Amino acid sequence: MKTMALHHCSYQVARAKVETVRALTDLEKLFRLVLPDGEALNHDPGQFVQVSLFGVGEAPISICSSPTQLDSFELCVRRAGRFTTALHQLNPGAEIGIRGPFGVGFPVIPLEGNDVMLIAGGLGLAPLRSLIHYIIDNRRDFGKVDILLGCRDPQSMLFCDELEVWRKRLDINFSCSVDRGAPDWEGNVGLITALIPGVHLEPLKTVAVVCGPPVMYRFVIQELLKKGIAERHIYLSLERHMKCGLGKCGHCQIENLYCCRDGPVFNYADIKNIKGAI
Amino acid sequence: MLKTLTAQDLFRLLDRVSRDYNLLVPRNLDDGTRGLVKWDGQQLDFCGDPLQRKPTSHFFPQTDLLVQLLKDGTASVPRKTPEPLALLGLCREDLQGIAFCDRFFSVPPADDIYLDKRRGALLIGLTGQAGPEGEFLPLAGQDCDIELIAEKPTWTAVAYSEPGAHLLEEFPDADPQGFERLWERSAEITVARQEKLAQAAQLLQRELVTDDFWEEIAARCIRCGGCNFVCPTCTCFCVQDRQGSHGTERSRIWDSCQLDAFMREAGGHNPLGTALLRTRRRIHHKLVDDPQRWGEPGCVLCGRCDRACPTGIGMYSVCDAIVSRFGERL
């Protein structure tokens, strides 16, 4: 064959050190990681890394810190299976393997100058947090910011301390709702879709970014369209199990798209007719 | 470069190839199948059934080491540079399958593990009167370094690359008119199968194939994954770690989109969670998604999945059924 230049090896793993581990809920932990020599990860909000625990395996995890945080990056990991259980057992000082960052993240440039509506469901807050922090760090570049958060119950709410800060900020409209309340819960109870009709927005200059469990998308999108937001102004981050991050293993393929290369963030107008995408 | 080779010339060519390459040649094996085996300087079978094993497995084997973590904590990537392979006996469809994988794995970010094996390998197509009983196999015309066209008792050899031309330079030139006649003969065959595939692709692209059809096909699938494992353009793999005495080895292993867990996520969501979706994907992926992504279908009509499928729902059989059932809608 004629042209087969060798690039750097795509499966090579960089080592990262666990600097801190913080339990966010019973199921989720936040890992703060540093690369050798404090090198920046150079990611975009919404991208993911392949995390390696040698002997256990490798899994795609979205980066939940903003690229404006240069000295380290953070991963929020829910304990769900063998790999994440092993990850949860790590203590500060442990070393893990990292490949990436991979994928197309949230659309920062189309958001600039526009009003932004950020909608997170459950663990979807983790990737969206990278964008929220980026917007906060560059607040003047964006118009009105609405953050809507939905989760199962108050106990499963992530980043509670940060949510309080966002709630108190005058330049952010924050609201959240839980599917099931608790005796000491004073906030909204109900699905996240119930929050959308109450948001005051100018549809023509609003861009919505949605990240959450697959079941949430269809209903949230319906509400956004009812508010007059154009399909082209809606971005979704799709969940798939990427095995390689390189568009080769086929596990994240959505018809002719590879979630790991063409996504995980997609414009709704581009994928609305793709069977099985949402 | 167009050459004509006698049987003696051919053996001279193979000896020359085997000096620089690990040459594998076609042999009709005792178990009734046909495979590529190491050239022993004497025996090879020019005529025979299609090769059993998918040709791309030489560069994308069933299991392949990706990275090693040694006990001292260093991660290293295997960089074996064995003698480059030379594969003789590939038909047009086999060569098309390899070309498909070459492009797939070369698209940035390139897959170095595949390219390490593929770079420097020599592909020798075998067409012309090389079918089981000497039937005429269609000419390749590309996708290889050398194409040997069996004409009995001689061979026409065409070089399509620099290494191929270098290997053929010492042999006498062939008659270009004779070569044209070979192409005319080649054009007469296999058109019907290709037309059927194109029709099925059109029906799928226009979404004229209904879900009840996929239900019926899915009901016949026994989820053995055989269709994927024999397909030369199937490239899906899973990754697994294995611990040994010197450290951990991370390997990739062929995977099958026909298995329930193929896309299942940790959160429980499974985008291919029904047999209908998986069956539809297998065909749709090759005939609709691949043309959109790569400009050509992912099926090269090699027939391996049709031969391997125990329930008769290989690619061509399904395309045949699609055209029979929905063809009039075109």
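Everything quoted here is computed from the prediction, not taken from an experiment.

Some words on the packing of helix H6 (residues 191-205) of chain B against helix H11 (residues 315-326) of chain B
Residues and elements named next belong to chain B.
- Following both chains from N to C, one finds H6 and H11 inclined at 65°, their axes separated by 9 Å at the closest point. Helix-helix and strand crossings are classified by hand; for H6 and H11 the assignment is left-handed. For the pair H6 and H11, the contacting residues are Arg193, Lys196, Leu197, Gln199, Ala200, Leu203 and Leu204 in the first and Met315, Tyr316, Cys319, Asp320, Ile322, Val323 and Phe326 in the second.
- Of the residues in the contact of H6 with H11, the class split is 10 nonpolar, 1 polar and 3 charged.

Some thoughts on the environment of Glu169 of chain B
Residues and elements named next belong to chain B.
- Checked against the element boundaries, Glu169 lands in the loop between helix H4 (162-168) and helix H5 (176-187).
- In this structure the C-alpha to C-alpha distance between Glu169 and Ala159, which are 10 residues apart in sequence, comes to 9.3 Å.
- In terms of polar contacts, Glu169 uses its side chain to reach the side chain of His166, at 3.4 Å.

Structural notes on unusual backbone geometry
- The amide bond that connects Gly100 of chain A to the next residue, Pro101 of chain A, takes the cis arrangement and shows omega of 10°.
- Of note, Pro101 of chain A is situated in strand S6 (residues 95-102).
- Lys152 of chain B connects to Pro153 of chain B through a cis peptide bond whose omega is 5°.
- Considering the arrangement of structural elements, one finds Pro153 of chain B in the loop between strand S9 (146-150) and strand S10 (155-159).
- With phi around 50°, Glu255 of chain A is a residue other than glycine that occupies positive phi space.
- Tracing the backbone shows Glu255 of chain A in the loop between strand S13 (253-254) and strand S14 (257-258).
- The phi dihedral of Leu301 of chain B is positive, around 60°, even though this residue is not glycine.
- Within the element layout of this structure, Leu301 of chain B appears in the loop between helix H9 (275-294) and helix H10 (304-308).

Brief notes about the sheet that holds strand S11 (residues 237-244) of chain B
Residues and elements named next belong to chain B.
- With respect to topology, 4 strands assemble into an open sheet ordered S5-S4-S12-S11, the strand pairing being antiparallel. Across the chains shown, the open sheet's two edge strands, defined by having one partner strand only, are strand S5 (75-76) and S11.
- Alignment of S11 against strand S12 (residues 247-254), held across 8 bridges, turns out to be antiparallel. Paired with Phe237 across the strands is Trp254, a residue of S12.

Some remarks on the pairing of S12 of chain B
All names here are of chain B.
- Counting buried positions along S12 yields 7 of 8 residues, so the element is predominantly enclosed.
- Bridge count for strand S4 (residues 63-70) against S12 is 7 bridges, and the pairing is antiparallel. Its bridge partner being in S12, Leu70 is matched across the sheet by Gly247.
- Counting the residues between successive antiparallel strands, the hairpin from S11 to S12 contains 2 residues.

Description of the interface of chain B and chain A
- In this complex, chain B contributes 53 residues to the contact, which on the side of chain A involves 41 residues.
- Counting the surface lost from both chain B and chain A, the interface buries some 4,000 Å², and carbon and sulfur atoms represent 55% of this.
- Contact with chain A buries area across many residues of chain B, yet Pro109, Arg250 and Arg293 of chain B alone supply 15% of it, more than any other trio.
- The tally of links between chain B and chain A comes to 4 salt bridges.
- Across the pair Glu58 of chain A and Arg250 of chain B runs a salt bridge, and its minimum N-O distance is 3.6 Å.
- The interface formed by chain B and chain A holds 20 residue pairs in polar contact (both at pLDDT 80 or more) in total.
- The leading source of residues in the side of chain B that touches chain A is H9 of chain B, at 8 residues.
- Looking at side-chain class alone, the side of chain B that touches chain A contains 23 nonpolar, 12 polar and 18 charged residues.

About the criteria used
- Residues numbered from 1 in each chain as written.
- Chains lettered and ligands numbered in written order.
- Predicted model: local features only at pLDDT ≥ 70, side-chain atom pairs only at ≥ 80, totals over all residues.
- Heavy atoms only, no water.
- Axes fitted to C-alpha atoms, helices over the stretch in contact; angles between N-to-C directions.
- Helix = DSSP H or I, 4+ residues; strand = E, 2+ residues; numbered from the N terminus.
- Left-handed = near helix turned anticlockwise from the far one by under 90°.
- Contact = heavy atoms within 4.5 Å.
- Nonpolar A, V, L, I, M, F, W, Y, C, P; charged D, E, K, R; others polar.
- Polar contact = N/O pair within 3.5 Å; in protein donor to acceptor, adjacent residues only side chain to side chain.
- Pairing = 2+ DSSP bridges.
- Buried < 20%, exposed > 50% of the residue type's maximum accessible area, 1.4 Å probe, protein only.
- Buried area = accessible area lost by both parts, 1.4 Å probe.
- Salt bridge = Lys/Arg side-chain N within 4 Å of Asp/Glu carboxyl O.

Coordinates in, geometry out; function isn't part of it.
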